[in-house]
Amino acid sequence: MTPQDAAHVSAPRIEHHTRPLGIGEPTPRLSWWVATDQPDWRQAAYEIRIGQWTSGRIDSEQSVLVPWPAPPLTSREQADVRVRVWAADAAAPSAWSDTTRVEAGLLEPAAWVAGFVGSADSTVGDRRPILLQRLFTVRPELRRARVYATALGLYELEINGHRVGDEVLAPGWTSYHHRLHYRTHDVTDLLHPGENTITGWLADGWWRGEYGWNRVGERYGEDTALLVQLELHYADGTMERVVTDGEWVWAHGPIVRSGIYDGEHHDARIVVSGWEAVREKKAAKGELTAAAGPPVRRTETLRPRSVTRVDERTHLLDFGQNLAGRLRITVDGPAGTAIGLRHAEVIENGRLCLRPIRTADAHDVYVTAGTGVETWEPRFTYHGFRYAEVTGWPDDEIGPDDVVAVVVHDDMPEIGSFACSDPLLERLHENVRWSMRGNFVSVPTDCPQRDERLGWTGDLQVFAPTAAFLYDTTAGIGDWLADVAAETGEDGLVPLYVPHIATSFPQFHCAVWGDVTTVVPLVLLDRSGDAAPVAAGYATAQRWVDGCRRLLNDRDVIASGLQLGDWLDPAAPPDRPQQALTDPYLVATAYLAHSARLLARQARVLGTDPAPHDALADRVTAGFRREFVTATGRCVSDTQTAYALAIRFDLLTTAQRDHAGARLAQLVREAEFRIGTGFAGTPLVLDALTETGHLEEAYRLLLATGCPSWLYPVTMGATTIWERWDAMLPDGTINPGEMTSFNHYALGAVADWLHRTVAGLAPAEPGYRTIAVRPRPGGGLTHASARHLSPYGPITVAWQRTGATLEVTVEVPPGCTAIVELPDRPAVTVGSGSHRFTAPHRAADDDPIQPLPPREHF
Ligand code: BGC
């Protein structure tokens, strides 16, 4: 093999973009993978070619997020980027990679000449969407056409009746006071010489629709408005623009009402007429920024698993999967047939159980035009549902393709998977994935169905490691963190949900939630190799930790003020989720020590002084030990969560830690392997058991099926992760609590343990440059595996137990190293390529846990 074909280099990736059209970074960082059969392959140098410009050979092992080597891109500039590399021992470079074409968006405010336009009147409280339109002429010899667009509200664009792009719910929800996303579309093929029409659909969305459980409208502004800049580039080098301005007209269209929570009403009989001149509207206060993360798209459609007639006018459909999205109907009925679509996650007594969605109406209505076969899907709403009731269908039967569920969420590349020999555990993992899909809808939300759907910071904080394994979320979460930073006060008050909207919920320095600022940027760094979120969020994290430091009393613990604590532990009464068993101040103090330590790590990453943060972490750790732990390691809250926090956040002396681990294991056994943790303890408890030598208890806790447990919902037919351990009670009735969602990812944070400990795949250095391969078989599993598409290429760890032998295969991407540590074996370090290990293995479950001694022995 010649060096030319020994290594194949992928087309460069531009930042984290999947389609680098209209990007907002003038100097985007570049990444590539190398595929090679050569073991232990390492890169010594690279060369980047941008058009005719070349960087020349740059000696560097870096292949992830390397700096843009050329002059910055200007607005609209296109560049063709290629790369080639030199292996450590090669004199000659690889062949050039394929080319990636990148195109910059509108990089400076002056590049925008369009203005925001909307309907003539102020329409406060009117939830009826509008249409906006403009006719224009295209000359022959058009070479390239781009649309740059966004809205105050939600919009869809059409050119000559064809959809522009494939996004849903654009421009998504950001903290509009600070930032408003726009996107760029290539519309060259939608245009023709002569007369053309551009049409915009415009609805309230998050800009001014009614949402939040207090149902307030006009949160960001009184008017909706559209911003479009269509640029036509001709062969002769000239450019013409069609932009939103006074030349546009508006009218009411067939959508009668639309709201994120309440659904959409579309009357197809309505003939659009009465076009009037638009009015110019106030520009957005927030900065126009090119969206960095993926947009919301339709990602899958599901047919109903069953259709049952439940009364004269109503069919009940079961899609077999709880999801976020909406229904698409294909119907042939007489004009004026009104078809109603209602949505729910669960059924009770054979009908939709609507109580959990609270004030969200989740009700779509389509009125037929009567023109033959009509296909319709709402445009500006989405629902969380597995079941739907369809009323008024014109035929007796609903066929399998007549009503389908369209799954809608951020179109993130899927990069992680897990498999094992236990089907219940595999289903649990699948449920975690579906809850992530159901809740990454423009912002990382708590739930997709009820009158909430807010970017609760605590939920994402605990779920981020799982999210970053399953999907490429660096850009999307990074973008949301920009809003977290923008909305965090000088006093370090991190909103409990971001974007922040006013509700009755108080704002306070809430541990677990505000710690999103210290935890998540480092998760992104570790999983993607990108330090930019740390740099961008450092000042915010510092403000958060400072704010919490001011809450410390003279004993160096937090002991007053509001806290949500170990939210929703199974002992909390249904209507008081914050009344968990663990002292909320123990939780808050533990988290402050942890966050100060993480802030010190952030400082090291950025090359600034970590000492003050380490000193604070030491001080709070000492306070924690004095106040909450006995000398021998018993916590004052004698709960699973208290020990999990103390162990995982390294808050104990060695002697205390051993005892604490033993006590945690004992509590778990005493509970007969029922989970006892809420949002704070759940992501940590299995690691705490594992780290202190109680792997078998960890597996028993993971694999328990009684209520409450991770697998109990699976045995009850769950297809997503529930908000509460017992959202559905063992008798099939729905938990009476006011907050009962069946699609909340927080308790699914356990999947990270499945990846790192059951399968044994974790990053040991940012971006998986060094991989920690540490499978810990147990629980009677006979095989498990995890695959992850790291920034350096695909990684696999797979193991199988045959009798007393453990066989492990590991795939390490070029440029990476794996530290392989099998149970009871010394660690070995291997380079890239395929590796196979066998070792004698006695699993923890070969010696099952002895029956519990009577209670007084503890
Ligand atoms: C949300 C949670 C959130 C919590 C905090 C709930 O209503 O659904 O997931 O973190 O409130 O108060």
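Notes on the structure in this doc start here.

Conventions and cut-offs
- Residues numbered from 1 in each chain as written.
- Predicted model: local features only at pLDDT ≥ 70, side-chain atom pairs only at ≥ 80, totals over all residues.
- Heavy atoms only, no water.
- Helix = DSSP H or I, 4+ residues; strand = E, 2+ residues; numbered from the N terminus.
- Expected span 1.5 Å × (residues − 1).
- Buried < 20%, exposed > 50% of the residue type's maximum accessible area, 1.4 Å probe, protein only.
- Contact = heavy atoms within 4.5 Å.
- Axes fitted to C-alpha atoms, helices over the stretch in contact; angles between N-to-C directions.
- Parallel < 35°, antiparallel > 145°, perpendicular 65-115°, else oblique.
- Left-handed = near helix turned anticlockwise from the far one by under 90°.
- Nonpolar A, V, L, I, M, F, W, Y, C, P; charged D, E, K, R; others polar.
- Pairing = 2+ DSSP bridges.
- Near = heavy atom within 4 Å.
- Polar contact = N/O pair within 3.5 Å; in protein donor to acceptor, adjacent residues only side chain to side chain.
- Areas by Shrake-Rupley, 256 points an atom, 1.4 Å probe, with all protein chains shown as cover.
- Salt bridge = Lys/Arg side-chain N within 4 Å of Asp/Glu carboxyl O.
- Core = buried A, V, L, I, M, F, W, Y, C linked by side-chain atoms within 4.5 Å.

### Description of helix H6 (residues 516–528)
Link 1 in the chain: The end-to-end C-alpha separation of H6 is 17 Å, in line with the 18 Å expected for 13 residues at 1.5 Å each.
Link 2 in the chain: In terms of burial, H6 is a largely internal element, 12 of the 13 residues being buried.
Link 3 in the chain: Residues of H6 that are buried: Val516, Thr517, Thr518, Val519, Val520, Pro521, Leu522, Val523, Leu524, Leu525, Arg527 and Ser528.
Link 4 in the chain: Check the buried side of H6 and you find it contacts helix H4 (457–470), helix H5 (474–487), helix H7 (532–549), helix H8 (584–606), helix H15 (751–759) and strand E39 (761–763).
Link 5 in the chain: With its phi angle positive at about 80 degrees, Gly529 sits one or two positions after the end of H6.

### Quick look at the packing of H7 against H8
Between two packed helices, both the angle of their axes relative to each other and the distance between the axes serve to describe the pair.
Link 1 in the chain: In the contact formed by H7 and H8, the axes pass within 10 Å of each other and the chain directions differ by 150 degrees. The pairing of H7 with H8 is recorded here as roughly antiparallel in orientation. Seen from above, H7 lies across H8 with left-handed handedness. Taking contact as the criterion, the partners of Val534, Ala535, Tyr538, Ala541, Gln542, Trp544, Val545, Cys548 and Arg549 in H7 are, on H8, Leu592, Ser595, Ala596, Leu599, Gln602, Ala603, Val605 and Leu606.
Link 2 in the chain: The residue inventory of the contact of H7 with H8, partitioned by class, reads 13 nonpolar, three polar and one charged.

### Quick notes on the pairing of strand E10 (residues 100–104)
Link 1 in the chain: Buried residues dominate E10, accounting for four of its five residues.
Link 2 in the chain: Of the pairings in the sheet, the one linking strand E3 (residues 21–23) to E10 comprises two bridges and is parallel in character. Bridge pairing in E10 links Leu21 to Glu103.
Link 3 in the chain: Bridge count between strand E9 (residues 78–87) and E10: four bridges; the pairing is antiparallel. Paired with Asp80 across the two strands is Arg101, which belongs to E10.

### A look at the sheet that holds strand E23 (residues 276–277)
Link 1 in the chain: Strand order in the open sheet made by the six strands is E15-E14-E17-E12-E20-E23, with antiparallel pairing throughout. Both edges of this open sheet fall to strand E15 (162–163) and E23, since each of them pairs with a single strand only.
Link 2 in the chain: Relative to strand E20 (residues 249–252), strand E12 (residues 130–138) is paired through four bridges, and the arrangement is antiparallel. If you follow Leu131 over to E20, its bridge partner there is Ala251.

### Some points on the environment of Leu689
Link 1 in the chain: Following the sequence through the fold, Leu689 ends up in helix H12 (residues 685–691).
Link 2 in the chain: Placed 134 residues apart in sequence, Leu689 and Pro823 show a C-alpha to C-alpha distance of 16 Å.
Link 3 in the chain: Setting aside anything within four residues of it in sequence, one finds Leu689 in contact with Leu664, Ala665, Val668, His694, Leu695, Glu697, Ala698 and Leu701.

### Considerations on H4
For an α-helix the count is 3.6 residues per turn, leaving residues at separations of three or four pointing the same way.
Link 1 in the chain: With 14 residues, H4 extends 19 Å between its outermost C-alpha atoms, agreeing within 8% with the 20 Å of an ideal straight helix rising 1.5 Å per residue.
Link 2 in the chain: The element H4 is extensively covered by neighbouring structure, given that 14 of its 14 residues are classed as buried.

### Notes on the site of the ligand
Link 1 in the chain: Taken together, 13 residues surround the ligand, and among them Asp446, Arg450, Glu452, Asp459 and His744 come closest.
Link 2 in the chain: Note that an oxygen atom of the ligand is positioned 3.5 Å from one of the side-chain N or O atoms of Glu723.
Link 3 in the chain: Within the side chain of His744, an N or O atom sits 2.9 Å from an oxygen atom of the ligand.
Link 4 in the chain: Isolated, the ligand exposes 310 Å² of accessible area, and the fraction of that covered by the protein chains is 97%.

### Re the side chain of Ser63
Link 1 in the chain: Inspection of the secondary structure assignment puts Ser63 in the loop between strand E8 (58–59) and E9.
Link 2 in the chain: Accessibility expressed as a relative area gives 8% for Ser63, which makes it buried.
Link 3 in the chain: If sequence neighbours within four positions are ignored, Ser63 has contacts with Leu30, Ser31, Trp32, Gln43 and Tyr792.

### Observations regarding the pattern of salt bridges
Link 1 in the chain: What the rule picks out here adds up to 70 salt bridges.
Link 2 in the chain: The salt bridge involving Arg179 is made with Asp479; its shortest N-O contact spans 3.1 Å. In this pair, Arg179 is assigned in strand E16 (residues 179–186) and Asp479 in helix H5, connecting sequence segments 300 residues apart.
Link 3 in the chain: With relative accessibility at 14%, the residue Asp479 sits in the buried group.
Link 4 in the chain: As a salt-bridge pair, Asp526 and Arg601 come within 2.7 Å of each other at their nearest N and O atoms. Taken as a pair, Asp526 in helix H6 and Arg601 in helix H8 lie far apart in primary sequence, 75 residues in all.
Link 5 in the chain: Relative accessible area serves as the criterion here: at 28%, Arg601 is assigned to the partly exposed category.
Link 6 in the chain: Beyond isolated ion pairs, a larger network of salt bridges with shared partners links Arg127, Asp204, Arg208, Glu210, Arg215, Glu218 and Asp262.

### Comments concerning the side chain of Arg183
Link 1 in the chain: With respect to the helices, strands and loops of the structure, Arg183 is situated in strand E16.
Link 2 in the chain: With residues up to four places along the chain from it excluded, the contact list for Arg183 reads Val147, Tyr148, Ala149, Glu167, Ala291, Gly293, Pro294 and Pro295.

### Looking at the sheet that holds strand E45 (residues 828–830)
Link 1 in the chain: Pairing is mixed in the open sheet, where four strands are placed in the order E39-E40-E44-E45. Each end of this open sheet is capped by a strand with a single partner; those strands are E39 and E45. Here the average twist between neighbouring strands, direction ignored, is 25 degrees.

### Some remarks on the nonpolar core
Soluble globular proteins tend to bury their nonpolar side chains together.
Link 1 in the chain: Grouped together as the largest cluster of nonpolar side chains are 179 residues, with contacts concentrated most on Leu686, Leu702 and Trp710.
Link 2 in the chain: Every residue in contact with Leu686, bar those within four places of it in the chain, is listed here: Ala698, Leu701, Leu702, Trp710, Val750 and Trp753.
Link 3 in the chain: Core analysis: the next-biggest nonpolar cluster, separate from the first, contains 29 residues, Val117, Ala120, Ala149 and Ile198 among them.

### Re the packing of H6 against H7
Link 1 in the chain: Running from N to C, H6 and H7 cross one another at 160 degrees; their axes reach a closest spacing of 8 Å. In terms of their interaxial angle, H6 and H7 are classed as roughly antiparallel. In this structure, the crossing between H6 and H7 has a hand that is left-handed. Here Thr517, Thr518, Pro521, Leu522, Leu524 and Leu525 of H6 come into contact with H7, specifically with Pro533, Val534, Thr540, Ala541, Trp544 and Val545.

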